[in-house]
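If you want the building blocks of each chain, they are given just below.
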Amino acid sequence: MTEAPKKAPVPRPATTVLLVRPSRPGDAGSPLEVFMVVRHQQIDAFSGALVFPGGKLEEADGDPRLVARCGGADKISAEELKFRVAGVREAFEECGILLARKPGQRALIGASDLEGIEQRWRAKLAEDEASIVDLVEAENLELATDLMTPYAHWITPTFAPKRFDTWFFIAEAPEDQIALHDGSESVDSVWIGAQAAVDEAKAGRRTLVHATTKNLELLAEAKTVAEALSQASRRKVITVQPWVEERDGKRFLHIPPDAGYRNLFRELPQSVPQAGR
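Residues numbered from 1 in each chain as written. Predicted model: local features only at pLDDT ≥ 70, side-chain atom pairs only at ≥ 80, totals over all residues. Heavy atoms only, no water.

(A) Up close: the overall build of the protein chain. A tally of regular secondary structure across the protein chain gives 6 helices and 13 strands. Going through the 277 residues of the protein chain one by one, you find that 48% of them count as buried. Restricting to contacts in the protein chain with at least 6 residues of sequence separation, those with at least 24 account for 67%. Here the protein chain displays about 13,700 Å² of accessible surface, and carbon together with sulfur accounts for 49% of that area. (Helix = DSSP H or I, 4+ residues; strand = E, 2+ residues; numbered from the N terminus. Buried < 20%, exposed > 50% of the residue type's maximum accessible area, 1.4 Å probe, protein only. Contact = heavy atoms within 4.5 Å. Areas by Shrake-Rupley, 256 points an atom, 1.4 Å probe, with all protein chains shown as cover.)

Rendered as structure tokens:
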């Protein structure tokens, strides 16, 4: 009697945010940096890895009441909007950056307003004692979902024990908001050049999962924040679900050729890591 093959776990919806800024404050022409966090060793997914801030969607991220409190919501589908909302929430929970503004204003809230909001809400959101709806209604805020540009869409391979259906967004971090890791899910953080992060991983000083590496390589093709945002706005997002092929007794992880990445495959070690965010 043959054993039926195991069914692949259903991927969980998730969002990841590439927060970028000029490496020299006030100098838009300086090389860009991206904010990254080191995941806690006790976190099941991506333990110890250097990743972009992000996490799983919550039910409240798709609350209909948020439509009126999201910038550009009339130009964004309801399905995509909840991923953008999740990205704003996760960035706030995980690193204290809040992409939000007062209704009717273009500028994002500054550090002075953010300090009180962070004290009142950051821990509550992280501990599921409040939702993003509670925050925006109590503080009378509009989420700057219009400033989040779709960057990539990755689905974890079917062979992974934990799978995620992850949308990546890129956004410029407000100049006067200071990003800091949360100390629970993430234990360290860094503003770093995209190529520098890849190089440090190759040198064995950092751990990167496959999707993070590929999107850092893509980000490294832009020199400035403006260039990165422009490239992302013009690029068609192709869903990437890596797969494994065997050749000459070796195993290779592949991604689709039309997704805009270079280096479409890499050889796998004996144990296969997750290709998540």
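Once the structure has been displayed, the description carries forward.
(B) Region of the structure containing the sheet that holds strand β12 (residues 250-254). The sheet built from 3 strands is open, its strands ordered β11-β12-β13 with antiparallel pairing. Every interior strand has two partners, whereas the edge strands, β11 (243-247) and β13 (265-267), have only one. Taken pair by pair, the neighbouring strands of this sheet meet at an average axis angle of 30°, ignoring direction. Pairing of β11 with β12 involves 5 bridges; the strand directions are antiparallel. What sits directly across from R247, in β12, is K250. (Pairing = 2+ DSSP bridges. Axes fitted to C-alpha atoms, helices over the stretch in contact; angles between N-to-C directions.)

(C) Geometry of the packing of aromatic side chains. A complete count under the given rule lists 4 aromatic pairs for this structure. With 5.6 Å between their ring centres and 80° between their planes, W154 and Y261 make a pair best called edge-to-face. Remark: Y261 occurs in the loop between β12 and β13 and W154 occurs in strand β7 (residues 149-155); sequence separation between them is 107 residues. The class for W154 is buried, based on a relative accessible area of 1%. Taking NZ or CZ as reference, R235 lies 4.6 Å from the ring centre of Y151, over its face. Positioned over the ring face of F265 is R247, at 5.0 Å from the centre of the ring. (Phe/Tyr/Trp six-rings, centres within 6.5 Å; stacked < 30°, edge-to-face > 60°. Lys NZ or Arg CZ within 6 Å of the ring centre and 35° of its normal.)

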